[in-house]
Amino acid sequence: MDSRRELVDQALKGVEAWEARWGAVPGAPALTPDVDVAALLEDYAERMDATLPFFHPRYAGQMLKPPHPVAVAAYLAAMVVNPNNHALDASQATSPMEVEVMASLTEMFGLPEVALGHLTSSGTIANLEALWVARELAPGKAVVHSADAHYTHGRMCQVLGVESRAVPAAPDGRIDLDAVAAQLRRGDVGTVVLTPGTTGLGAVDDVRAALELKDRYGARLHVDGAYGGFYALLGEHDAYPAIGGCDSVVVDPHKHGLQPYGCGAVLFADPGVGRFYRHDSPYTYFTSDELHLGEISLECSRAGAAAGALWLTLRAFPLERERGLGAILAACRRAALDLAARVRASDTLQLHLDPALDIVSYWPRRSRMSEIDAASEAMLHAGMAPDADEPVFLSTLRVDAGAFAALHPDVERDADTVRILRSVLMKPEHEGWVDPLHARLEALARAA
């Protein structure tokens, strides 16, 4: 594949050829800065130099990685044109692209072909829309989610004026469906949120078993696949094929979909929910009788560049298991399993849980929770110290002492919570870097 610079150059040539069709544009002196822009860009580069190396496999902390060069080139080309996917009036090329990518996501999740959906600026906004529709369909009823689900659900319920109830998670991080059933028996729950890939441990909730609760109690099921949704391609967990029987789904292409921030997506199995979005605008929606995406979105202005970048990326890396995006996810999964196996065999490190996706959780072997907490923090900071010879960038996760003790009963419980280490191996390049990463973790654990 061509380099990022070559792809960007080709993309810009396409834009410039399009611009040339419309004739010369008269100059506007006000648009010419009266400063040295080249010098400003040097200052900008110096400021950006403070950023951690998200592109490198030595960064194994949070869910951060650069967009693929194909996405960069496509986004840049559309960004120069700057279409707005709110209406076809302003996005003749990129709105149809968005419709196509939403059809691909619909197929990936096994939702009905008539499912309704659109891109959003983030998973937070996508979840907000799903919970808003849930409120409109079941006014006055509560939303139930796991205590280990993303905090956005409680926050967005607060915004919507909806009661949210957090039920316990099992020690392995999955939602406790017995606790969910107990809530549903009260008769005042409208929606249950399920997470196939929690952002803490990467735990995959049992969506298939939750469908039985949906049938029994009539509650809606909303799937927050912002982080783990694309793992539906690998078919490794029974939860993913069951998503097709749920009512709404969120996924973030700016996580595992190789896209720049912000690119989220929300899908509804029943296209009839579009009625809740109905509105009129006296100065848009006038160039076409076809559906304008703004008519089914809470957001108004939305970057057409996000749709264009995702459209081209999925042409280059189709949503398939053995090739395209599936092959990339498989490399991340192998990296997680490899690191977990090495930690499991270690004398200095202890695996917290077998990874369900590409998040590996572990801790330095100590006899007390307080000692594990302190040593984990020491490893985190020593790994990314400015003077470190081989820096690695990790993250920590605060675990409830009860959940920790259930998995590791031999550790003395002398604290209410314990911080452990967490590595997100969501770059395929991590597969070839497990050996140096593990060696560095071993050295940090011995020195902590």
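Please read these numbers as outputs of a predicted model, since none were measured by experiment.

Q: Would you mind showing me how to read the overall build of the protein here?
A: Within the protein, the regular secondary structure consists of 14 helices and 11 strands. Here the C-alpha atoms of the protein give a radius of gyration of 24 Å, agreeing with the 22 Å that 2.2 N^0.38 yields for 448 residues. C-alpha extents for the protein along the principal axes are approximately 75 × 60 × 40 Å. Considering the protein as a whole, with its 448 residues, one finds that 52% of them fall into the buried category. Across the protein, the fraction of contacts at a sequence separation of at least 24, relative to all contacts at a separation of at least 6, is 72%. For the protein, the accessible area works out to roughly 20,900 Å², and carbon and sulfur atoms hold 52% of it. For the protein, the centre of its 39 positive side-chain charges and the centre of its 60 negative side-chain charges are spaced 4 Å apart.

Q: Any chance you could explain the side chain of Asn127 here in plain terms?
A: Mapped onto the fold, Asn127 is located in helix H5 (residues 123-137). On the accessibility criterion, Asn127 (1% relative accessible area) is buried. At 2.7 Å, the side chain of Asn127 and the side chain of His222 are in polar contact. With near-sequence residues (within four places) excluded, Asn127 lies in contact with Thr152, His153, His222, Asp224 and Val250.

Q: Quick question: what am I supposed to make of the nonpolar core here?
A: One broad rule of soluble globular proteins: the nonpolar side chains tend to lie buried together. Residues Leu105, Phe109 and Val180 are the most contacted members of the largest nonpolar core, which totals 62 residues. Beyond its immediate chain neighbours, meaning those up to four positions away, Val180 contacts Val144, Val167, Ile175, Val192 and Leu213.

Q: Before we go on, may I ask you to explain a negative patch on the surface in this structure?
A: On the surface, a cluster of negative charge is contributed by Asp36, Glu42, Asp43, Glu46 and Asp49. Within the secondary structure layout, Asp36 lies in the loop between helix H1 (4-20) and helix H2 (37-48).

Q: Hey, could you run me through the pattern of salt bridges in this one?
A: Pairs may arise between side chains of opposite charge once their charged atoms sit close together. Going through the model one piece at a time under the given rule, you end up with 22 salt bridges. We note a salt bridge from Arg333 to Glu236, for which the minimum N-O separation is 2.7 Å. Linking Arg333 in helix H11 (residues 325-344) with Glu236 in the loop between strand E5 (220-225) and helix H9 (239-242), this pair joins segments that are 97 residues apart in sequence. Accessibility expressed as a relative area gives 42% for Glu236, which makes it partly exposed. One salt bridge in this structure joins Glu377 and Arg419, with 3.3 Å as the shortest N-O distance. Remark: Arg419 occurs in strand E11 (residues 417-424) and Glu377 occurs in helix H12 (residues 369-383); sequence separation between them is 42 residues. The class for Glu377 is partly exposed, based on a relative accessible area of 32%. One salt-bridge network, in which partners are shared between bridges, spans Glu163, Arg165, Arg186 and Asp188.

Q: Hey, could you run me through helix H4 (residues 94-109) in this one?
A: Structural remark: α-helix, 3.6 residues per turn; residues separated by three or four positions point the same way. Helix length check: H4 (16 residues) gives 23 Å between terminal C-alpha atoms against 22 Å at 1.5 Å per residue, within 8%. For H4, every residue scored as buried is listed here: Thr94, Ser95, Glu98, Val101, Met102, Leu105, Thr106, Met108 and Phe109. Buried residues of H4 fall within an arc of 160 degrees about the axis and therefore sit on the same side. Residues of H4 that are buried make contact with strand E1 (116-120), strand E6 (248-251), strand E7 (264-268) and helix H10 (304-316). Two residues or fewer past H4, Gly110 is found with a positive phi of approximately 75 degrees.

Q: Explain the sheet that holds strand E2 (residues 142-146) here, please?
A: Within a beta sheet, neighbouring strands are joined by backbone hydrogen bonds and run either parallel or antiparallel to one another. Strand order across the open sheet formed by 7 strands is E1-E7-E6-E5-E4-E2-E3, with mixed pairing between neighbours. Strand pairing shows two members of the sheet lacking a second neighbour, E1 and strand E3 (164-167), which therefore form its edges. Here the strands of the sheet are splayed against their neighbours by 20 degrees on average, with no regard to which way each runs. Here E2 runs beside strand E4 (residues 189-194); their pairing, made up of 3 bridges, is parallel. When the bridges of E4 are listed, Val144 appears paired with Val192. Helix-sheet contacts for helix H6 (residues 152-160) involve E2, E3, E4 and E5, and the interaxial angle to E2 is about 165 degrees.

Q: Would you mind going over the side chain of Asp252 with me for this structure?
A: Secondary-structure assignment places Asp252 in the loop between E6 and E7. The exposure class assigned to Asp252 is buried, which follows from its relative accessible area of 2%. Engagement of the side chain of Asp252 in a polar contact is seen with the side chain of Lys255, the distance being 2.6 Å.

What counts as what
What you see as residue numbers is a count from 1 along each chain, following the sequence as written. The model is predicted, so local features are restricted to residues of pLDDT at least 70 and side-chain atom pairs to those at 80 or more, both for listing and for counting; the totals for chains, interfaces and linings are taken over all residues. Side-chain figures throughout are based on the complete set of non-hydrogen atoms in the structure, without hydrogens or water. Starting at the N terminus, helices and strands are each numbered in turn, a helix being any DSSP run of H or I of at least four residues and a strand any DSSP run of E of at least two. Based on C-alpha atoms, the radius of gyration is set beside the globule rule, defined as 2.2 Å times the residue count to the power 0.38. Each residue's exposure class comes from its accessible area (1.4 Å probe, protein chains only) as a fraction of the maximum for that residue type: buried when under 20%, exposed when over 50%, partly exposed otherwise. Contact criterion: two residues are considered in contact whenever any of their non-hydrogen atoms come within 4.5 Å of each other. In this description, accessible areas are obtained by the Shrake-Rupley approach with a 1.4 Å probe, and a residue is regarded as covered only by the protein chains that are shown. When charges are counted, neither His nor the chain ends are considered; positive counts come from Lys and Arg and negative counts from Asp and Glu. Where a charge lies is defined by one atom per residue type, namely NZ (Lys), CZ (Arg), CG (Asp) and CD (Glu). Any pair of nitrogen or oxygen atoms within 3.5 Å is treated as a polar contact; in protein, a donor-acceptor pairing is required on top of that, and neighbouring residues in sequence qualify only through side-chain atoms on both sides. What makes a nonpolar core is a set of buried Ala, Val, Leu, Ile, Met, Phe, Trp, Tyr and Cys residues whose side-chain atoms join them at distances within 4.5 Å. Exposure above 30% relative accessible area and the absence of a salt bridge qualify a residue for a patch, where like charges join within 9 Å and nonpolar side chains (Val, Leu, Ile, Met, Phe, Trp, Tyr) within 5 Å. For salt bridges, the criterion is a side-chain nitrogen of Lys or Arg within 4 Å of an Asp or Glu carboxyl oxygen. In this scheme, a helix's expected span is set at 1.5 Å multiplied by one less than its residue total. Our arc is simply the arc of the directions from the helix axis toward the C-beta atoms. Strands are treated as partners if at least two bridges between them are detected by DSSP. Only the stretch in contact is used when a helix axis is fitted, and all axes are lines through C-alpha atoms; the angle between N-to-C directions ranges over 0 to 180 degrees.

Scope: geometric values only; no functional claims are made or implied.
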